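Residues per chain, in single letters:
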Amino acid sequence: MNFDCDALVIGAGPAGAASAILLAQAGWRVIIVEQHTYPRRRVCGECIAAGNLELLDQLGIGQDFRRAAGPELRRIGWMGASSTSTADMPPCKAGPYRYGRAVGRDWLDARLLQQAASSGAVVLQPARARGVGGELGGFECTVDCVTGGLRTLRTPVVVDAHGSWERGPTLPAGEHAGTARGPRRSSELLAFKANFRNATLAPGFLPVLVLPGGYGGMVIADGGLTTLACCLRRDTLAACRALVPHEPAGIAVEAFLRSSCSGVHEALKGARREGAWLSVGPLRPGVRVGAARGVFRVGNAAGESHALIGEGISMALQSSALLAAMLTRRPPAAIRGRLGIDLHRSYAAAWRRAFGPRLRLAAIYAHVAMRPRLAEPARALLHRWPALLRSAAQLAGKASGGGLLPPTTTETA
């Protein structure tokens, strides 16, 4: 089979763009397919933990990131209905950077994709991967390009990096890459996000918002904008909307946040919202890394954590680094047959070891935060012993290294 590229990357968010950059840096021919135009705002996390900043340097955007991002995140908080418990953020001891920072996804996605193109990747945008046929070592992918119609691209390796709440391409044997959709449940979480100018959130402060039937967070990102985001259960959202009938969902959510959390109320005094509220959902936490036959998954396509710990971008970047390190130990043409199957299994196992504990911990934190009978005792405990809050952040990955790549080598046999 004559291949059009060595790797086809589906999706150009942080996971897809980082994968494309790292593979291109190793000499691979890469095509990246993205269905949306950039820049665009997204209902996704904006915090990048300190352990990932050295990886941003390796990706080639570290200096630009440091110029654009908000202040170093040096304080954390557990913000309840009437009070807030705070502690120092644990510094990262691996690498040259001690504290994480935040930047808007519109900036990050656009800059990473630009860097992917500069690294040699071919970018098809806007274009959508419709279906993937074949097997590892010999895939055929049907791509619908807005300006060029349908194309069939042949490649030995496919990296699935499609985003949350988006349906991926059809995979071999009828297996679908999209997130499973079941019947609606009141326990489902829907995500909301808005930006505010002139908010009074303290610079470098990263509080978790503890809400009845949900959780959220605030942070100052690029341009001095404060991002306010939350995930609410479907029944909680319905109750919010009933209080302000005939208003958009975002307005109802904002009213709920202001009334349910004194810290939000204080931070938004005199603030002005910039742009509309964004919403997506439902959130589908879980592990999907080994489900696709022969297709390598990164980012949220591989597995999704509860957003409460703010590790989405970190997991996207780290999973891309993990996959690229494993793929580039051998030439692309060698990744087929038994070797390819073993590599696929090894990557899935390594992914689970690296991120499985983080997903389980986030689920526990979310369970506590959304239930007032658990959240209030937790707040009192954290207020009395702030070191527990610091330890909780450390367990969530805020002070961990980013799993940086070793020097890239390509095997010739």
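Residues numbered from 1 in each chain as written. Predicted model: local features only at pLDDT ≥ 70, side-chain atom pairs only at ≥ 80, totals over all residues. Heavy atoms only, no water.

> How should the sheet that holds strand 18 (residues 296-297) be read in this particular structure?
The strands making up a sheet associate through backbone hydrogen bonding, with each pair oriented either parallel or antiparallel. Taken together, the five strands give an open sheet; going across it, the order is 7-2-1-11-18, and neighbouring strands pair in parallel fashion. Of all strands in the sheet, those with a lone pairing partner are strand 7 (122-124) and strand 18, marking the two edges. Here strand 11 (residues 157-160) pairs with strand 18 via two bridges, running parallel. Counterpart to Val159 in the pairing with strand 18 is Phe296. Taken strand by strand, helix 1 (residues 14-25) contacts strand 1 (7-10), strand 2 (30-33) and strand 11, and its axis lies near 170° from that of strand 2. (Pairing = 2+ DSSP bridges. Helix = DSSP H or I, 4+ residues; strand = E, 2+ residues; numbered from the N terminus. Contact = heavy atoms within 4.5 Å. Axes fitted to C-alpha atoms, helices over the stretch in contact; angles between N-to-C directions.)

> What's the story with the packing of helix 10 (residues 372-384) against helix 11 (residues 386-395) in this structure? I'm lost.
Axes are the key here: two packed helices are described by the angle between their axes and the distance separating the axes. Contact geometry for helix 10 and helix 11: axes closest at 4 Å, N-to-C directions at 105°. Between helix 10 and helix 11, the interaxial angle falls into the category roughly perpendicular. Facing helix 10, whose interface residues are Leu381, Leu382, His383 and Arg384, helix 11 presents Pro386, Leu388 and Leu389. Along the lines of polarity and charge, the residues of the contact of helix 10 with helix 11 split into five nonpolar, one polar and one charged. (Parallel < 35°, antiparallel > 145°, perpendicular 65-115°, else oblique. Nonpolar A, V, L, I, M, F, W, Y, C, P; charged D, E, K, R; others polar.)

> Can you help me understand the pattern of salt bridges in this one?
Between side chains of opposite charge, a pair can form when the charged atoms approach closely. Applying the stated criterion across every chain yields a total of 23 salt bridges. In this structure, the salt-bridge partner of Arg197 is Glu274, at a minimum N-O distance of 3.0 Å. Placement of the pair is Arg197 in strand 12 (residues 189-197) and Glu274 in strand 16 (residues 272-280), with a sequence separation of 77 residues. Arg197 gets classed as partly exposed once you look at its relative accessible area, which sits at 24%. Judged by its relative accessible area of 27%, Glu274 falls in the partly exposed class. Put simply, Glu254 and Arg273 hold a salt bridge, and the shortest N to O gap is 3.4 Å. Taken together, the residues span a long stretch of sequence, with Glu254 in helix 6 (residues 249-260) and Arg273 in strand 16 at a distance of 19 residues. Take Glu254: its relative accessible area is 12%, and that puts it in the buried class. With a relative accessible area of 30%, Arg273 lands in the partly exposed category. Three or more residues are tied together by salt bridges with common partners; here these are Asp64, Arg67 and Arg111. (Salt bridge = Lys/Arg side-chain N within 4 Å of Asp/Glu carboxyl O. Buried < 20%, exposed > 50% of the residue type's maximum accessible area, 1.4 Å probe, protein only.)

> So what exactly am I meant to see when it comes to the environment of Ala354 here?
In this fold, Ala354 is placed in helix 9 (residues 337-369). Sequence separation of Ala354 and Leu322 is 32 residues, and the distance between their C-alpha atoms is 9.3 Å.

> I tried to follow the packing of aromatic side chains on my own but got confused; where do I start?
Tallying each qualifying case throughout the model produces three aromatic pairs. Where Phe196 meets Trp277, the ring centres are 6.3 Å apart and the plane angle is 70°; that geometry is what we call edge-to-face. Highlighted residues: Phe196 in strand 12 and Trp277 in strand 16, separated in sequence by 81 residues. Since its relative accessible area comes to 1%, Phe196 is described here as buried. Between Trp351 and Phe355 the ring centres are 5.1 Å apart and the planes differ by 55°, which places this aromatic pair in the tilted class. With Trp351 and Phe355 both in helix 9 and four residues apart, this pair spans about one turn of that helix. Each member of the pair, Trp351 as well as Phe355, carries the same accessibility label: buried. (Phe/Tyr/Trp six-rings, centres within 6.5 Å; stacked < 30°, edge-to-face > 60°.)

> What's the story with a nonpolar patch on the surface in this structure? I'm lost.
Judged by side-chain polarity, Leu381, Trp385 and Leu388 come together as a nonpolar surface patch covering roughly 280 Å² of accessible area. In this structure, Leu381 sits in helix 10. (Patch = residues over 30% accessible without salt bridge, like charges linked within 9 Å, V, L, I, M, F, W, Y side chains within 5 Å. Areas by Shrake-Rupley, 256 points an atom, 1.4 Å probe, with all protein chains shown as cover.)

> Looking at this model, I keep getting lost on the nonpolar core. Mind explaining?
It is characteristic of soluble globular proteins that their nonpolar side chains tend to be buried jointly. Membership of the largest hydrophobic core comes to 74 residues, with the highest contact counts inside it found for Trp28, Ile48, Leu59, Val157 and Leu327. In terms of residues, this core owes the most to one element, helix 8 (residues 312-327), which gives nine residues. (Core = buried A, V, L, I, M, F, W, Y, C linked by side-chain atoms within 4.5 Å.)

> How should I be thinking about the environment of Ile220 in this particular structure?
Looking at where Ile220 falls in the secondary structure, it is placed in strand 14 (residues 214-220). The buried category is assigned to Ile220, whose relative accessible area is 12%. Placed 64 residues apart in sequence, Ile220 and Arg284 show a C-alpha to C-alpha distance of 26 Å. Look past the residues within four positions of Ile220 in its chain and what remains in contact with it is Gly70, Pro71, Ala102, Leu201, Ala202, Pro203, Leu225 and Thr226.

> Can you help me understand the pairing of strand 10 (residues 149-155) in this one?
Consecutive side chains of a regular strand alternate in pointing toward one face of the sheet and then the other. With seven bridges joining them, strand 9 (residues 138-145) and strand 10 adopt antiparallel strand pairing. Note that in strand 10 the partner of Cys145 across the bridge is Gly149. Hairpin connection from strand 9 to strand 10: three residues lie between these consecutive antiparallel strands.

> I would appreciate a short explanation of the pairing of strand 2 in the present structure.
Residue alternation in strand 2 divides its side chains into two sets, Val30 and Ile32 and Ile31 and Val33, and both sets are buried. Bridge count for strand 1 against strand 2 is four bridges, and the pairing is parallel. Its bridge partner lying in strand 2, Ala7 is registered against Val30. Of the pairings in the sheet, the one linking strand 2 to strand 7 comprises three bridges and is parallel in character. Each bridged residue has a counterpart across the sheet, and for Val33 the counterpart in strand 7 is Leu124.

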